[in-house]
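What follows is each chain in one-letter form.
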Amino acid sequence: MNKKLLVLSMAATLGLAACGNDGDNGSNGSDGKDWTAVNQWYVDGQKRVTQAADISINNQAGAAKNIILFVGDGMGVSTVTAARILDGQLKGNTGEENSLSFETLPHLGLAKTYNVNGQTPDSAGTMTAMVTGVKTDVGVLSQAEGVTRGNCASTQGQDLMTSIELASIAGMSTGVISTARVTHATPAAAYAHSPERDWESDADLTAEAVTNGCKDIAAQLLDYSYGSGINVVMGGGRRAFIPNTMTDPEGKNGKRLDGRDLTSEWTAKYTNSAYVADRDSFLALDPTTTDHALGLFNSSHMEYDYDRITDGAAGEPSLAEMTAKSIDILKKNDKGFVLIIEAGRIDHAHHAGNAARALHDTIALSEAVRVAMEKTSTKDTLLMVTADHSHVFTIAGYPTRGNPILGLVKGNDSSGISAVTNSTDANGMPYTTVGYTNGRGYAALDNGGDERYGLPIAAGRFDLNYVDTQSAGFHQEALVPLESETHAGEDVGIFASGPGAHLVQGTVEQNHIFHVINHAANLVIKAEAAL
Amino acid sequence: MKYSLLSAALLVGFVQVVSAHSTSVLSTSEQSTSVSAEQAQQPRSIEPATKLELVCTGVMPHQLSATYEVSQTRGVHVTKHQLQLTRYQDTAIYQRSPQSFEAWQHNGEYVRYFPMDKRSVSYRPSDLLSLNISYDLEQVFHLVSPQIRSKLKQADNIQHTCLTVESFRGELKGQEVSLQWATSLDLPYQLTIGQGDQQLTYQLAEVKPVTQADFKALTTGYKDIDFADVGDSESDPFIAKMITQGFIQHGSSGFYTSDGQQITGNGHSSHSH
Ligand SMILES: [Zn+2]
């Protein structure tokens, strides 16, 4: 209950004499005027201000040796809030007071996420903004708005330099990690240039693309020729790297039609290199002797963290484990590194209308950021955590404090005490706190039962009285029936610490993120000096 | 409540089965090698028809295509449709309508095929979990899971020159279940589930062997997309169409014709009163 958090006299810790009714019992004293005699909320708030006042700002260009940019794909503000509460509740607390790791970073701004041609954006356009400093069209990877999506001929002169490319030229180490396919829009924008995000392997190229010389995204990763090359690439997406005649250790065929095995090309191309395909070989990877690591842990996207297994051919490392190993490989370079890490499957779980998996993947991102915070210093590392866009995911109703975030709403009674029964809608039916404005809606498979399967789209209200809405398979209700829940257009947070982090302030265009990084690490100037 | 029958093989213990709709004869159901058991339907009246000899000589349980007549009775209201189950090695394919069919693999992967668009959508086990979709692969491959069978009482076997049909009977979740199990096919010969005046019957009508070439012809040439990527593919015309039509299954009946017209639950041509 909330009471225990509210009523904590600070008299003892402050060394004040506890006497009379001057407020040391947690209220403002009998005359109501002793505003210095306060409760825990007051003290905590005061402490946070003191901390903020103590933050030193390093405005010097190039003060950041290292850059780490985390992107939670689809991690809008409501997702951060709900994940924070779920994380706290999984630890046995009420939840609302909890903080995800990155919520403790000192600087925060909001990013306007729209694409050049889209009020609500996609990951290709948004990541291009973050890694190149230039906004572009939906579906386009690190090429400017002059291109026509899917048209290779239109890409002449439209390529944009990315922060990863600049860092490589400057002699820094670089890494790209994702729980999605590494050829998927967000990671791909870091190293590839394409008028179509779907051109992940050569099998996806159109005849026009082939005729006009456009290359698929996986091939571009291998052809990357800046500096010492990309040092670490980890995630899913094995199928775009191996031929369609080749079967991977999980029994899946590749997609490539050109017969190339890009995994063996990777180890042939680089000295001190490694290719790993499961968690066991990932763990065996020695960062002190590895300078170029390619890890492809799934044929397609890696599993949701909630479903992830760790052993055998299908075993996958966590995002936190990939983050730790990557930093260990990259930090050997005295010139520093740029590392981009995507939690790519928050987006997919939301599209499926499955809040539990979206929130668990957000918590996995929080753990990865915690690892990065532990392994680096705010003195020389600019750490940023943001999202590419939001989702139509809401936290609604008047649930009482500590009400399970994935549960049915139980409100407070007229005296402010937690109600015993569920809150109900106008038709007398209970409802969940979290839900979606559109999408597939409730999965009409209330009690499971292994005789039943089916894929209904079911918008609107359902009787949830006998439904375990907190089960990870629960499929939240939606208003507008769509095959897939959609992205949302509101702003997303940018959390930051380290040199240059203070430049994250106010509501900014999303491409601002590149310019903060560029200022903090002096990427363009360093790259020009190296040429 | 809405239930999709597109993928519901057999809903044991589940009375309110929505009418499934089949608007055309399934494409591969009339080949010369096929065996018709249509005239030998009533339990205990199976004739040792010479046609059934083919079942013994030409059909292997992991390479077959079985056609079932599915009829559902609610009082005087009878709904009929056809189900074709194709089993080839690790894959089981269910065809109920010309608009789409579905394939299950032993590793838990599930693919929905849309023949008119030559497109398919692949779901992996975690996708199905995220959709709160549970399934029993044994049931998918055999229509009736061994677990269900083990809960029934075995009655007399019906022995043929070439086909043994085991007879089971019992009550499951308050419903009378009667099962005639064709052991060499690893499939039901006949299955009836009922309660009161409601009854659901699966009757094997035809079975034929499936070659690797047959199987390949059924599933190749489709442009596939992961279910996880559907949400980011709204600019794909097929996905855009599916978003509008809800993959042929949202709305009150859950079924659409090829041009997007919703097929309503009542007055459908396959109903007889
Ligand atoms: Zn998305």
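Residues numbered from 1 in each chain as written. Chains lettered and ligands numbered in written order. Predicted model: local features only at pLDDT ≥ 70, side-chain atom pairs only at ≥ 80, totals over all residues. Heavy atoms only, no water.

One broad rule of soluble globular proteins: the nonpolar side chains tend to lie buried together. Membership of the largest hydrophobic core comes to 112 residues, with the highest contact counts inside it found for A:Ile68, A:Phe70, A:Phe102, A:Met234, A:Phe241, A:Leu382 and A:Met384. When residues of this core are assigned to their parent elements, the largest contribution, 10 residues, is made by helix α14 (residues 355-375) of chain A. Composition of this core by domain shows at least three residues from each of domain 1 (66-392 + 491-529) and domain 2 (394-485) of chain A. Beyond its immediate stretch of four places on either side in the chain, A:Phe241 contacts A:Val182, A:Thr183, A:Ala218, A:Leu221, A:Leu222, A:Arg256, A:Arg260, A:Asp261, A:Leu262, A:Thr263 and A:Leu296. B:Val121, B:Val140, B:Tyr202 and B:Ile225 belong to the second-largest nonpolar core, a separate cluster that totals 51 residues. (Core = buried A, V, L, I, M, F, W, Y, C linked by side-chain atoms within 4.5 Å. Buried < 20%, exposed > 50% of the residue type's maximum accessible area, 1.4 Å probe, protein only. Helix = DSSP H or I, 4+ residues; strand = E, 2+ residues; numbered from the N terminus. Domains from an automatic or database assignment. Contact = heavy atoms within 4.5 Å.)

Before going further, it helps to spend a moment on the coordination of the zinc ion. Those donors, A:Asp347 (OD), A:Asp347 (OD), A:His351 (NE2), A:His487 (NE2) and B:Asp232 (OD), are the protein atoms that reach the zinc ion, and they lie 1.9 to 2.3 Å from it. Taken together, the residues A:Asp347 in helix α13 (residues 346-351) and B:Asp232 in the loop between β13 (223-226) and α6 (237-245) connect one chain to another. For A:Asp347, a relative accessible area of 0% corresponds to the buried category. Judged by its relative accessible area of 6%, B:Asp232 is buried. (Donors = N, O, S within 2.8 Å, 3.2 Å for Na, K, Ca; no water.)

Residue and element names in this part refer to chain A. In the numbering adopted here, UniProt assigns the feature "active site" (unreviewed entry) to Ser-123. With respect to the helices and strands, the residue Ser-123 is situated in helix α5 (residues 123-132). For Ser-123, a relative accessible area of 0% puts it in the buried group. Ser-123 has contacts with Asp-73, Ala-185, Thr-186, Arg-197, Asp-388 and His-389, leaving out every residue within four places of it along the chain. (UniProt positions renumbered as here; feature names shortened; annotations may be inferred.)

Residue and element names in this part refer to chain A. Per-residue confidence for chain A gives a mean pLDDT of 91, with 90% of residues at or over 70. Considering only residues more than four positions removed or in separate chains, one finds that residues 1-25, a stretch of pLDDT under 50, has 32 contacts. Note that pLDDT drops below 50 for residues 446-454; the model gives that stretch 34 contacts with residues more than four away or on any other chain. (pLDDT = per-residue confidence, 0-100.)

The subject of this paragraph is the pairing of strand β10 (residues 175-182) of chain B. All names here are of chain B. Of all eight residues that make up β10, seven are buried, and the element is covered over most of its length. With eight bridges connecting them, strand β9 (residues 165-172) and β10 associate as antiparallel partners. Following the sheet pairing, Glu-166 is matched in β10 by Trp-181. Taking the residues that link successive antiparallel strands as the turn, the β9-β10 hairpin has two residues, and the phi of Lys-173 there is positive, at about 50°. (Pairing = 2+ DSSP bridges.)

Our next topic: the sheet that holds strand β11 (residues 434-439) of chain A. All names here are of chain A. Taken in spatial order, the three strands of this open sheet run β10-β11-β12, and their pairing is mixed. Pairing within the sheet leaves two strands with one partner each, and these edge strands are β10 (393-395) and β12 (478-481). For this sheet, the mean angle separating the axes of adjacent strands, direction not counted, is 20°. In the sheet, β11 pairs with β12 via three bridges, with the strands oriented parallel. By the bridge assignment, Gly-439 is partnered in β12 with Pro-481. (Axes fitted to C-alpha atoms, helices over the stretch in contact; angles between N-to-C directions.)

Before going further, it helps to examine unusual backbone geometry. Despite not being glycine, A:Asn522 has its phi angle at roughly 55°, a positive value. You can see A:Asn522 is positioned in the loop between α15 (512-521) and α16 (523-530).

Here we take up the domain arrangement of chain A. All names here are of chain A. For chain A, the assigned domains read domain 1 (66-392 + 491-529) and domain 2 (394-485). With centres defined by C-alpha atoms, the gap from domain 1 to domain 2 works out at 33 Å. Between domain 1 and domain 2, the contact holds 22 residues from the first and 22 residues from the second. In total, domain 1 and domain 2 occlude about 1,700 Å² of area from one another, counting both sides; carbon and sulfur atoms represent 54% of this. In terms of surface lost to domain 2, no three residues of domain 1 exceed His-351, Gly-353 and Val-392, which account for 32% of the buried area on that side. Here domain 1 and domain 2 share two salt bridges between them. A salt bridge links Glu-97 to Arg-401; the shortest N-O distance between them is 2.4 Å. (Buried area = accessible area lost by both parts, 1.4 Å probe. Salt bridge = Lys/Arg side-chain N within 4 Å of Asp/Glu carboxyl O.)

As a further point, take the packing of aromatic side chains. For the structure on display, the rule yields 16 aromatic pairs over all chains. A centroid spacing of 5.4 Å and a plane angle of 75° characterise the contact between A:Tyr224 and A:Tyr226, whose relative ring orientation is edge-to-face. A ring pair is formed by B:Tyr110 and B:Tyr123, whose centres lie 5.4 Å apart and whose planes are at 50°; its orientation type is tilted. Highlighted residues: B:Tyr110 in strand β6 (residues 110-114) and B:Tyr123 in strand β7 (residues 119-123), separated in sequence by 13 residues. Among the residues examined, B:Tyr123 registers a relative accessible area of 1% and is labelled buried. The structure contains a cluster of three or more aromatic residues connected by ring pairs, namely B:Trp104, B:Tyr110, B:Tyr123 and B:Phe227. Of note, B:Arg149 hangs over the ring of B:Trp181, and the distance from its end group to the ring centre comes to 3.8 Å. (Phe/Tyr/Trp six-rings, centres within 6.5 Å; stacked < 30°, edge-to-face > 60°. Lys NZ or Arg CZ within 6 Å of the ring centre and 35° of its normal.)

Residue and element names in this part refer to chain A. For Ser-154, the position within the fold is in the loop between α5 and α6 (163-169). Under the relative-accessibility criterion, Ser-154 is labelled buried at 17%. Taking C-alpha positions, Ser-154 is 9.6 Å from Asn-212, a pair spaced 58 residues apart along the chain. Residues within four places of Ser-154 in sequence aside, it is in contact with Gly-146, Val-147 and Thr-148. A polar side-chain atom of Ser-154 sits 2.9 Å from the main-chain amide nitrogen of Thr-148. A distance of 2.7 Å separates a polar atom in the side chain of Ser-154 from the backbone oxygen of Asn-151. (Polar contact = N/O pair within 3.5 Å; in protein donor to acceptor, adjacent residues only side chain to side chain.)

Turning to the side chain of A:Ser173, a few remarks are in order. Residues and elements named next belong to chain A. Tracing the chain through its elements places Ser-173 in strand β3 (residues 173-181). Residue classification places Ser-173 among the buried positions, given a relative accessible area of 8%. Look past the residues within four positions of Ser-173 in its chain and what remains in contact with it is Asn-231, Leu-330, Asn-333, Gly-336, Phe-337 and Val-338.

A few words now on the environment of A:Pro249. Residue and element names in this part refer to chain A. Tracing the chain through its elements places Pro-249 in the loop between β4 (232-236) and α10 (262-269). Put simply, Pro-249 and Gly-312 are 63 residues apart on the chain and 9.7 Å apart in space, counted from C-alpha to C-alpha. Non-local contacts of Pro-249, meaning those with residues more than four positions away in its chain, are made with Arg-238 and Ala-313.

Let us look at the sheet that holds strand β7 (residues 337-343) of chain A. Residue and element names in this part refer to chain A. Spatially, the 10 strands line up as an open sheet ordered β5-β6-β4-β3-β7-β1-β8-β14-β2-β15, and their pairing is mixed. Two strands in the sheet have a free side with no partner beyond their single neighbour: β5 (273-276) and β15 (506-509). Within the sheet, the average angular offset between the axes of one strand and its neighbour, ignoring direction, is 15°. Here strand β8 (residues 381-387) runs beside strand β14 (residues 492-497); their pairing, made up of four bridges, is antiparallel. Each residue of the ladder has a partner; that of Met-384, found in β14, is Ala-496. Against the sheet, α5 makes contact with β1 (66-72), β7 and β8, and its axis sits at roughly 165° relative to β1, the strand it touches most.

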